[in-house]
Structure formats: structure tokens, C-alpha cells
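Survey of secondary and tertiary structure
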Amino acid sequence: MAKAWTFGENMNTDEIIPGRYNITIDPLELAKNVFCEVKPEYAKTVQPGDVIVGGQNFGCGSSREHAPIAIKGSQAKCIIAPSFARIFFRNCINIGLPILECPAAVADITEGDDVDVDLASGQIFNRTNGHQYQASALPDFVLKIAEAGGIVNFLKTHDIQDLMT
Amino acid sequence: MGTLIEEIFARKAGRPVQAGEILLLDVDYIMSHDNTTPLAIKAFRDIGKPILDKNRIVLHFDHAYPAPNVLAAENHKKIIDFVKEQGLPHLLHQGVCHQVMIEEGFITPGAIVIGADSHSNTYGAMGAFGTGLGSTEIGVAWVTGKCWFKVPETIRVELSGQAQAGVYAKDVMIHIAGLLGMDGGTYRSVEFGGEYIDNLPMHERIVFPNMSTEIGAKCGLIAADEVTIQYLENETPAKGPFEMIQPVNPRYERVIEIDVSTLVPQVSCHPDVDNVKPLSQVEGLEVNEVYIGTCTNARYEDIEIVANMLKGKKVHPFTRVIVTPASERIYKKAMQNGLIEILMDAGCTVTGSGCGACIGRHGGILAAGERALTTMNRNFIGRMGSPLSEIYLASPATAAATALTGRITDPRGYL
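This report concerns the structure included in the present document. Predicted model, so just to flag it, every value in this text is computed and none were measured. (Residues numbered from 1 in each chain as written. Chains lettered and ligands numbered in written order. Predicted model: local features only at pLDDT ≥ 70, side-chain atom pairs only at ≥ 80, totals over all residues. Heavy atoms only, no water.)

**What to know about the pairing of strand S3 (residues 78-81) of chain A**
Residue and element names in this part refer to chain A. By the alternation rule, side chains of S3 split into Cys78 and Ile80 and Ile79 and Ala81, which are all buried. For the segment spanning strand S2 (residues 51-53), helix H4 (residues 66-73) and S3, crossover handedness is right-handed. Here S3 runs beside strand S4 (residues 99-101); their pairing, made up of 3 bridges, is parallel. Across the sheet, Ile80 pairs through a bridge with Leu100, a residue of S4. (Buried < 20%, exposed > 50% of the residue type's maximum accessible area, 1.4 Å probe, protein only. Helix = DSSP H or I, 4+ residues; strand = E, 2+ residues; numbered from the N terminus. Right-handed = clockwise from strand over helix to strand, strands pointing away. Pairing = 2+ DSSP bridges.)

Next comes the structure, spelled out in C-alpha cells:
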């Protein structure tokens, strides 16, 4: 069972993790306070593999990487949203937190649904109601970063120019 | 041929570029601050390769400086140790990073500057490409000197007319945020131009790219002109020659035309930047704190407006009025010209330069049930403290009028 946790539109980085908690960069420490004001039960009961289902412009606001790191630290499998804020989108890719753009899934999934995601194909399966959705494909160079598990891992074995070839 | 962002990127790429292309470009400067540098150091260590060019790295202490708690102090210590270890030449603590980047001449027309801070869009005021990124990409750029960018589509905001007395760049930008919405510029370059911008001094121009972040934009740009060059030559140590890069036969995704002469003072109301109302609709709302600070509106001229309005008067006894000059250079000039004394005599609390109150870190935190009117750019729930507090955004003049009455007040009766 992978539970869907739903969030509203324009979920900003302060709501994901308020600035006062950004005094550490430890993912597990940050995860203790993730969504603490908008959904305090999340940090207490989230299980590894659960899925975050957000609204449009998910992750807007600050450039703080603490926000996606806190979500990654909570061991959520991925974030599904109709659209992501620009910096947050890059940050997720760079730290190896999978994100999927899929308006149809977001419109149909409700909190607590059992949701299975195949990251490689972008297929999302809602086991609660039997519906299936297809997320948009990511650009090739983004996939290269995602496959390496983040930009840091990519650069350990590649030159940055390799992204473009 | 192209929009301003296409023209800027084309010079770096050495060939014409078009919206939609992915480019890997050399960056001129790589900015980060005390909040975001520790994670960049971690990424740098994990990559395990050397820094490409130390001179391109600019580090600031501004988000929690001087340290308000032990963890922040340890952050600073960690960064100083890193600066010593790597022999980095630029560690600055003279104020809010974006203001200091401009004052110290790091930002010139056509430059590509990335910053681990969302308001790095500010640099667009100088005809430079500035954008915010996460810390990991900053660590990557330390090693590679490069960053990937998708060339964005452009929304052109064409501003005509002359603003009424009491209406400032902040009012115009808040109005634009209301029109476009908080995701209206997502992934886009927002190009500000027209006769209103042409006639605007640099301190007012900066407000537009700075707040382009709040509508989701990748960058906010104003083409460099004589005003830019004069500013660079007179106010910064930047060395020319400077190129006045202009859009050439641009193809815009969308053009928005606004006659600013029709605008009255505007307020971004709790809890979203695009919850914009003419001031008259929220006039009289009680305010517990007035905060005049940040990279948006705490330049010398902003403080001068406030001091002129408060001269010989007293701020409301139950309203905390905090003035935080954006940089020490501004603070010093305001002191030399007697503005700080005027503000203190009026009952304002003047603090050292930095970002503390804007991010709810220190120096102006709000209690549950409190309401602030500030010159900031962002009014997210709980940003300045309690999640049960409220933030309203407005111009420095509106902030000054509000400081006197303790209620949201139209500045036009106090100029």
C-alpha cells in the first residue's frame, strides 16, 4: 500500500518547511517538520513509498533546497502535480527526487488512495479506483540526471558537457 | 534577433538562440548566502572535484547575521572555515546579498549570474540575466563554471504614462502581480519596458525584476540604457565598457500594456502576493508591525521617503516600526545625511542590514494574531513568524503613513 497525500495549489516552500527549521541540512531532521503547518499528521505517519499529489505551481517561493530534501527525507517515492515551480523542479531533479507532471492523476486521486507509480514509464496506477494515468515525459538530459540519482552523482562519473550529448 | 533574454543568451552561446532551446552556458558569478552555502559545500564535497575559478564565487552573510542562535553561528563558522580552506576571495557581510552584488559591481549588462536565492532575478534590473537556483547547482557551478538553461519564452510588460504622486514602482509591480498571478510568469522571462521604465531611476527599476520571482518568472529583465551605465559608473566599482543589449525584432508570447497614470497605491494582501487590492479597500486595517527593509525596498531613496514623512512626528505607540537598510553603504549614507536620527526620533527601531525579519529568523518576528505591513516582496503564511500572523505588502510611503496611524493608510495625505 502506497498512500497518496494530497496538497492544494501554489504549495510554497515555506509551507513545505518553514524557514525556522532550515538550520540543518540533515534530510531526516528536516523530514520531522515537513508540511508541519499545512498537514502536521504527514510527518508523523508517512510511510516509505507514499506518494505526494500536489496542485499546480507546487514548490513555489524560495530557492531553499531544504524543501525537496525534507520531502525526500520523509521517504516519499515521488511528487505528482499538474505543474511545478521553476526552481523547485530543478532542485528535485538535482537531488534525485522523482517528479511527475500529470494533471489527470491530480484531478482524480483523493487523499488516502493506494497509488502505484512506475517512474521509468511515467505510468501512475490508482489501485483504489482502478484508474491509470500517464505523466508527461521528461527531457533527455533531465532523465540522464534522474537516472544517475541526481546531478552530484552524475558529475562523479561524467563531465557536465555529457548532459548535452 | 530576439527578445532581451535571447539576445543576452546569444552573446554567451556565440550564436543566435531561440526560446525552447537548452543551453549549457558559462556563468560570470555564482552567488550564495549563509542559508544556502552549507548545502552547496556538501554538494561540492560529494562531487569531489576542484573549484574551477575562485573569483567567480561570491558568498554573503545576510540571512541570519549576526547569528541569532547557536546553529546559525555554526553555519557561519563552517562557511568561514571553507573560505579559508579554499582561499575564496569574496565573502561579504555588508547587507542583503542582492543589493551588495549590485553595489559591489558584480552585476553588469549581459552578465549571467546565478544565485542560491530566489530573488537573484533582481540582477535583471542591470540588463543582466539573474536567476535563482538550489544549492546543489551552486556547488555544481563552482566545479564546472557552467549551468544549463532552457531559453524561456518572454512576456513583455509595456509601461506607459507617469505615476501620480504617492504611487511608486512597488505599487505598479504589485498591480502587475495581481494581473499575472503568482504563477503567471512561470518558466518565463518577464521583460519590463516602455516610457515609464525609461524615465525611472535605478533604485525604482530594481523593484520589478526583484518581484518577478513572485510571479514565478525565471528572470525579470530591463534593457540596459544610459541610466544603467550612469549608475554603474557613478555608484559601483564595475569597469566598462558596458554593452546596452536591446531586444531586436522580438517575438513575445504575450504583451501586457499598462498606463501607470491610472494607478492608485496598491497592497498585496494576506495570504498571497496576487491578492492585490487598491489601498482604499483595506484602509484602516490595524497593523502591529511596519517593516521597512529587504532587497525590494530598503534603498537610500526608500529610507529618504520614509524619513521625510516621519520627520518631527511620532509613530503609533502600539506599532513596532523597524527600518533595516538594505546595505551598510545605504545605512552609512542615511546616517551621514541625518535620516537615521529622524527615524529614531520618530520612534523607529533601526537595525543592522540583513534579511532577518523578512524570513522570520530574527529582528521583527510576528506573534499569532499580529498583522504586518512591510516593503517586502513576499507574504507567504507564517513567513515572518507565527502561521497565525498576516503580512501585507506595499510601498515605503504607504509603510510610513501606516507607521504614523497604526492602521493601513494612504500615503497621499502625508507626502
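**Regarding empty space enclosed by the protein**
All names here are of chain B. Taken as a whole, this structure holds 4 cavities of 30 Å³ or more when the rule is applied. Space inside the largest cavity adds up to approximately 240 Å³. Taken together, 22 residues line the largest cavity, and the ones lying closest to its centre are His63, Asp117, His119, Ile359 and Arg383. Looking at side-chain class alone, the lining of the largest cavity contains 6 nonpolar, 12 polar and 4 charged residues. Each of two domains, domain 1 (21-149) and domain 3 (267-409), supplies a minimum of three residues to the lining of the largest cavity. Space inside the second largest cavity adds up to approximately 170 Å³. Taken together, the residues of the lining of the second largest cavity sort by class into 8 nonpolar, 8 polar and 3 charged. Residue-level mapping places the lining of the second largest cavity at the junction of two domains, with at least three residues from each of domain 2 (152-237 + 250-264) and domain 3 (267-409). (1 Å grid on protein atoms, 1.4 Å probe; cavity = no way out; pocket = protein on both sides within 12 Å on 5 of 7 lines; lining within 4 Å. Points joined across faces, edges and corners; volume = space filled by probe spheres on them. Nonpolar A, V, L, I, M, F, W, Y, C, P; charged D, E, K, R; others polar. Domains from an automatic or database assignment.)

**Re the interface of chain A and chain B**
It is common to give the size of an interface as the accessible area lost on bringing the parts into contact. Between chain A and chain B, the contact holds 40 residues from the first and 43 residues from the second. Buried surface at the junction of chain A and chain B, both sides included, amounts to about 3700 Å², of which 61% is carbon and sulfur. The three residues of chain A that bury the most area against chain B are Ile23, Arg86 and Arg90 of chain A, which together make up 20% of that side's buried surface. Counting every contact that joins chain A to chain B gives 2 salt bridges. A salt bridge links Asp14 of chain A to Arg383 of chain B, with the nearest nitrogen and oxygen atoms 3.6 Å apart. At the level of elements, helix H1 (13-16), H4, helix H5 (86-95), helix H7 (140-148) and helix H8 (151-157) of chain A are the ones that each hand at least two residues to the side of chain A that touches chain B. By residue number, the principal contributor to the side of chain A that touches chain B is H5 of chain A, which donates 7 residues. (Contact = heavy atoms within 4.5 Å. Buried area = accessible area lost by both parts, 1.4 Å probe. Salt bridge = Lys/Arg side-chain N within 4 Å of Asp/Glu carboxyl O.)

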